[in-house]
Amino acid sequence: MIWVTYVSNKPFSKINFPIGMQNGIWGVNDKKHGSVKDVKEGDLVAFVYSISWLKAEGPTPAGFSRVGKDKLSDFRGMVKKIIIGRVTRGYYKSTDKVWPDDEIYPHRFRFEIIKDFGEDILFGTEFFNQDFVEAARKSACTQGSVTPTESIDVLADVTVPDEPTDDAISSSHHASEGRPIYRVHKSRERNAKLIKIKKDKVIKETGTLACEVCNFDFSKAYGKTGSGFAECHHINPLNLRDENETTTVNDLAILCANCHRMIHRKRAWLSVDELKSIFIQNRPSS
Ligand SMILES: [Zn+2]
Ligand SMILES: [Zn+2]
């Protein structure tokens, strides 16, 4: 069997989670001891620790991280840790002191860590198989009850390798969740083939490559030197679900370098329309 248990970011969890991981022991209280009794030696248990919503994806869904089964796609964002353990001692009951808080968590099992995904892992149905995400969601809604899943499959890069980032932009991305997401975003905007299709389409339709926010046109300002130059911005920061070309081309916006920087300057990222209205408001009236 493969089990999933969600661990919240509550103050006692912050203390108890590392103690459990260091000692290879986990326990739940009387209220949620249901399925923990089925945990057997050799089973796998995935600990999903502390999910946070990424503001770049819009307003936080109501009640997050508790979202209903019908809103599984909202159980997404970044988790602090995912650790997978192999059970070395199946369910047993004990009241020996392990954790410092008042609760004893007597329904226990022991495990050894076989995989640690590291820190800050992208989470959601485009990164992991649906069944695993659903089990984590369900566990989160039931205070960390041990919930079965069929498998744990990684579908996409959950961490993105370091790349040199633009200084001006990276210096304003101190939020711990900002950098990896930003890198995913940038790598998606660097898809040369799509950018070409997008630019060709815009030139064909409008005759120029003007910035969708400020109308700046590199070829008008710089002549031949600027001809064909513009930046592409991905409108849906992490919409990895639609991989077909037409959808993805429509997910790109043509921006000048200045406007693109302004969009990414602060989290949550501005939408193209938001930046456009800011631009219009601040334009000197003539
Ligand atoms: Zn612009
Ligand atoms: Zn962008």
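None of the values given here were measured: they were computed from a predicted structure.

**Considerations on the overall build of the protein**
Thinking step 1. What the protein contains, in helices and strands, is 9 helices and 8 strands.
Thinking step 2. Residues classed as buried in the protein amount to 47% of the 286 residues present.
Thinking step 3. For the protein, restricting intrachain contacts to residue pairs at least 6 apart in sequence, the fraction spanning at least 24 positions comes to 74%.
Thinking step 4. Per element, the accessible surface of the protein, about 15,000 Å² overall, is 51% carbon and sulfur.

**Details of the coordination of the zinc ion (ligand 1)**
Working reference: metal with six octahedral donors, ideal angles 90 or 180 degrees; metal with four tetrahedral donors, ideal angle 109.5 degrees.
Thinking step 1. The coordination sphere of the zinc ion (ligand 1) contains the protein donors Cys211 (SG), Cys214 (SG), Cys256 (SG) and Cys259 (SG), at a distance range of 2.2 to 2.4 Å.
Thinking step 2. Around the zinc ion (ligand 1) sit 4 donor atoms, and with donor-metal-donor angles ranging over 104 to 118 degrees the site reads as tetrahedral.
Thinking step 3. Each donor residue of the zinc ion (ligand 1) belongs to the same chain, with the gaps between them written as C-x2-C-x41-C-x2-C. Taken as a pair, Cys214 in the loop between helix 5 (192-206) and helix 6 (218-222) and Cys256 in the loop between strand 8 (252-255) and helix 8 (257-265) lie far apart in primary sequence, 42 residues in all.

**Things to note about unusual backbone geometry**
Among all residues save glycine, negative phi is the norm, and among peptide bonds the norm is trans.
Thinking step 1. The omega angle of the peptide bond from Phe64 to Ser65 is 10 degrees, so this bond is cis rather than trans.
Thinking step 2. Tracing the chain through its elements places Ser65 in the loop between strand 3 (44-52) and strand 4 (77-93).
Thinking step 3. In this structure, Asp120 takes a positive phi of about 55 degrees despite not being glycine.
Thinking step 4. Within the element layout of this structure, Asp120 appears in strand 5 (residues 107-123).
Thinking step 5. One non-glycine residue with positive phi stands out, namely Asn215, at about 75 degrees.
Thinking step 6. Relative to the helices and strands, Asn215 is located in the loop between helix 5 and helix 6.

**Concerning the nonpolar core**
Soluble globular proteins tend to pack their nonpolar side chains together in the buried interior.
Thinking step 1. Membership of the largest hydrophobic core comes to 27 residues, with the highest contact counts inside it found for Val48, Phe75, Phe123 and Phe128.
Thinking step 2. Where this core is concerned, the elements lending two or more residues are strand 1 (2-7), strand 3, strand 4, strand 5 and helix 2 (130-141).
Thinking step 3. With 5 residues, helix 2 is the largest single contributor of residues to this core.
Thinking step 4. Not counting chain neighbours up to four residues away, the residues in contact with Phe128 comprise Ile82, Phe117, Ile121, Leu122, Phe123, Val133, Ile152, Asp153, Val154, Leu155 and Val158.

**Considering helix 5**
Thinking step 1. Helix length check: helix 5 (15 residues) gives 21 Å between terminal C-alpha atoms against 21 Å at 1.5 Å per residue, within 8%.
Thinking step 2. Immediately downstream of helix 5, the backbone of Gly207 shows phi near 80 degrees, a positive value.

**What about the pairing of strand 8?**
Thinking step 1. Alternating positions in strand 8 separate into two faces, Leu252 and Ile254 on one and Ala253 and Leu255 on the other, with burial throughout.
Thinking step 2. As defined by bridge partners, strand 7 (residues 231-234) adjoins strand 8 across 4 bridges and the pair is classed as antiparallel. Its bridge partner being in strand 8, His234 is matched across the sheet by Leu252.

**Structural notes on the pattern of salt bridges**
Thinking step 1. Under the counting rule described, the total for this entry stands at 6 salt bridges.
Thinking step 2. Taken together, the shared-partner salt bridges in this structure form one network comprising Lys81, Asp116 and Glu119.

**A closer look at the confidence of the model for the protein**
Thinking step 1. Taken over all residues, the pLDDT of the protein has a mean of 83, while the share at 70 or more is 82%.
Thinking step 2. Per-residue pLDDT stays below 50 along residues 160-179; that stretch engages in 32 contacts with residues further than four places along the chain or on separate chains.
Thinking step 3. Per the prediction output, this complex has pTM 0.60; the corresponding ipTM is 0.91.

**Points about helix 2**
Thinking step 1. Taking 1.5 Å per residue, 12 residues should reach 16 Å; helix 2 reaches 16 Å between its end C-alpha atoms and fits that length.
Thinking step 2. Of all the residues in helix 2, the buried ones are Phe132, Val133, Glu134, Ala135, Ala136, Arg137, Ser139 and Ala140.
Thinking step 3. The secondary structure elements touched by the buried residues of helix 2 are strand 1, strand 3, strand 5 and strand 6 (147-149).
Thinking step 4. Backbone geometry just after helix 2 places Gln143 at a positive phi near 50 degrees.

**A short note on the sheet that holds strand 4**
Thinking step 1. The 6 strands lie next to each other as 2-5-4-3-1-6, forming an open sheet whose pairing is mixed. At either end of the open sheet lies a strand with only one pairing partner, and these are strand 2 (25-28) and strand 6. Between one strand and the next, the sheet's axes are offset by a mean angle of 40 degrees, whatever the strand orientation.
Thinking step 2. Relative to strand 4, strand 3 runs antiparallel, the two sharing 8 bridges. Across the sheet, Ile51 pairs through a bridge with Val79, a residue of strand 4.

**Overview of the environment of Val36**
Thinking step 1. Along the chain, Val36 turns up in the loop between strand 2 and strand 3.
Thinking step 2. Residue Val36 is classed as buried on the basis of its relative accessible area of 0%.
Thinking step 3. In this view, Val36 contacts Val28, Tyr91, His107, Phe109 and Val146; residues no more than four positions away in its chain are not counted.

Parameters at a glance
- Residue numbering note: each chain is counted from 1, following its sequence as written.
- Here chains are named by letter from A upward and ligands by number from 1 upward, in the order in which they appear as written.
- Two thresholds apply to this predicted model, a pLDDT of at least 70 for residue-level local features and 80 or more for giving and counting side-chain atom pairs, whereas whole-chain, interface and lining totals are computed over all residues.
- Side-chain numbers here rest on the full set of heavy atoms in the structure, without hydrogens or water.
- By definition, any uninterrupted DSSP run of H or I lasting at least four residues is a helix, any uninterrupted run of E lasting at least two residues is a strand, and each is numbered from the N terminus.
- The cut-offs for exposure are 20% and 50% of the maximum accessible area for each residue type, with area from a 1.4 Å probe on protein chains only; residues under the lower value are buried, those over the upper are exposed, and the others partly exposed.
- Note on definitions: a residue-residue contact is assigned when non-hydrogen atoms from the two residues lie within 4.5 Å.
- Accessible areas in this description were obtained via Shrake-Rupley with a 1.4 Å probe; residue shielding takes into account the shown protein chains only.
- Donor atoms (N, O, S) are those found within 2.8 Å of the metal centre, with the cutoff raised to 3.2 Å for Na, K and Ca; water is not part of the atom list, so apparent gaps in a site can occur.
- Every geometry call rests on angle ranges, with four donors termed tetrahedral when all angles are between 85 and 135 degrees, four termed square planar and six termed octahedral when opposite donors are over 155 degrees apart and all others are between 65 and 115, and everything else termed irregular.
- Buried Ala, Val, Leu, Ile, Met, Phe, Trp, Tyr and Cys residues form a nonpolar core when they are joined through side-chain atoms within 4.5 Å.
- Any helix carries an expected span of 1.5 Å times its number of residues minus one.
- Pairing between two strands requires that DSSP report at least two bridges joining them.
- Throughout this description, the term salt bridge denotes a Lys or Arg side-chain nitrogen within 4 Å of a carboxyl oxygen of Asp or Glu.
- What pLDDT conveys is the predictor's confidence in a given residue, as a value from 0 to 100.
- Axis geometry follows a simple rule: fit a line to the C-alpha atoms, using only the stretch in contact for helices, then measure angles between N-to-C directions, giving values from 0 to 180 degrees.

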